[in-house]
Amino acid sequence: MGKPGTYDVIIIGGAIMGVCTAWFLRNLGYAGSIAIIEKDVSFAKASTSLSAGGIRQQFSEIENIRLSQFGLAFLREFEARFGVDPGFQEKGYLVLAGDETLSRNYHAQIRAGAASRLLMPDELQARFPFLSTKDIAAGVIGEEGEGWFDPHTVLMTIRRSLKHQNVEMIHGEVCKVGLSNGKIAQVKLADGAQIFCGVLVNAAGPSAGYVASLAGIS
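If you're wondering where the values come from, they're calculated on a predicted model, not measured in any experiment.

About the criteria used
- Residues numbered from 1 in each chain as written.
- Predicted model: local features only at pLDDT ≥ 70, side-chain atom pairs only at ≥ 80, totals over all residues.
- Heavy atoms only, no water.
- Helix = DSSP H or I, 4+ residues; strand = E, 2+ residues; numbered from the N terminus.
- Buried < 20%, exposed > 50% of the residue type's maximum accessible area, 1.4 Å probe, protein only.
- Contact = heavy atoms within 4.5 Å.
- Areas by Shrake-Rupley, 256 points an atom, 1.4 Å probe, with all protein chains shown as cover.
- Lys, Arg positive; Asp, Glu negative; His and termini not counted.
- Charge placed at Lys NZ, Arg CZ, Asp CG, Glu CD.
- Axes fitted to C-alpha atoms, helices over the stretch in contact; angles between N-to-C directions.
- Left-handed = near helix turned anticlockwise from the far one by under 90°.
- Nonpolar A, V, L, I, M, F, W, Y, C, P; charged D, E, K, R; others polar.
- Phe/Tyr/Trp six-rings, centres within 6.5 Å; stacked < 30°, edge-to-face > 60°.

A. Region of the structure containing the overall build of the protein. Within the protein one finds seven helices and eleven strands. Counting only residues that meet the buried cut, the protein has 42% of its 218 residues in that class. Long-range pairs, those at least 24 residues apart, make up 68% of the contacts in the protein between residues at least 6 apart in sequence. A total accessible area of about 11,800 Å² is found for the protein, and carbon and sulfur atoms account for 54% of it. Mean positive and mean negative side-chain charge positions of the protein (20 and 21 charges, respectively) differ by 7 Å.

B. Quick look at the packing of helix α1 (residues 16-27) against helix α6 (residues 151-162). Packing of α1 against α6 brings their axes to within 10 Å, and their N-to-C directions diverge by 40°. As for the relative orientation of α1 and α6, their crossing is left-handed in sense. Of α6, the residues touching α1 (which contributes I16, V19, C20, A22 and W23) are P151, V154, L155, I158, R159, S161 and L162. Residues that form the contact of α1 with α6 fall into these classes: ten nonpolar, one polar and one charged.

C. Examining the packing of aromatic side chains more closely. Counted by the stated rule, this structure contains nine aromatic pairs. For the ring pair W23 and F74, a centre distance of 5.5 Å and an interplane angle of 65° mean the geometry is edge-to-face. Highlighted residues: W23 in helix α1 and F74 in helix α3 (residues 62-82), separated in sequence by 51 residues. We note that W23, like F74, is buried. Between the aromatic rings of W23 and F82, the centroid separation amounts to 5.6 Å while the plane-to-plane angle is 50°, which identifies the pairing as tilted.

In structure tokens form, the structure reads like this:
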């Protein structure tokens, strides 16, 4: 557990989003002080540990596709960068729909450079004979760049790397967010500790709404 004090950046949430925020800050050259606050260091109930670790490019918005492509590049480079296999299985996703929405999304994916393939019902039946294609208008499968990985391995690997990058890990639960002149200036933990900050990053996953409410953000 780190010692409460003052940090340039405080990140609430020590799962994948939180540790990746700290890791990228450091690897982009940020030299300020960083602390990550996490209430459950076992991560037994964290979305990261409970997720299937899926990654896909089949979205309707270009921005979402680009974000996924960024994550894909990071996963593909993960073992070379950290010396740990993230368990990435590039097996693809198959998405089915009964209307034209899927076809429109497919064209957005192609424009973004995704390796999506549009399959009509007869093609679906031939490729996946166990499927009933009744009422299916089309399907899209990611030929590459989609699949799943081991999220717990990725999380713990990045957390270990941060120990050598001057990132403080604080075990505690944020119960209050203090403002000064309309700007977030500190957080208070359930054990009474107060930690001051220049910037606060809310990476609390399903608890992000609660954390935001502590700062008066609805």
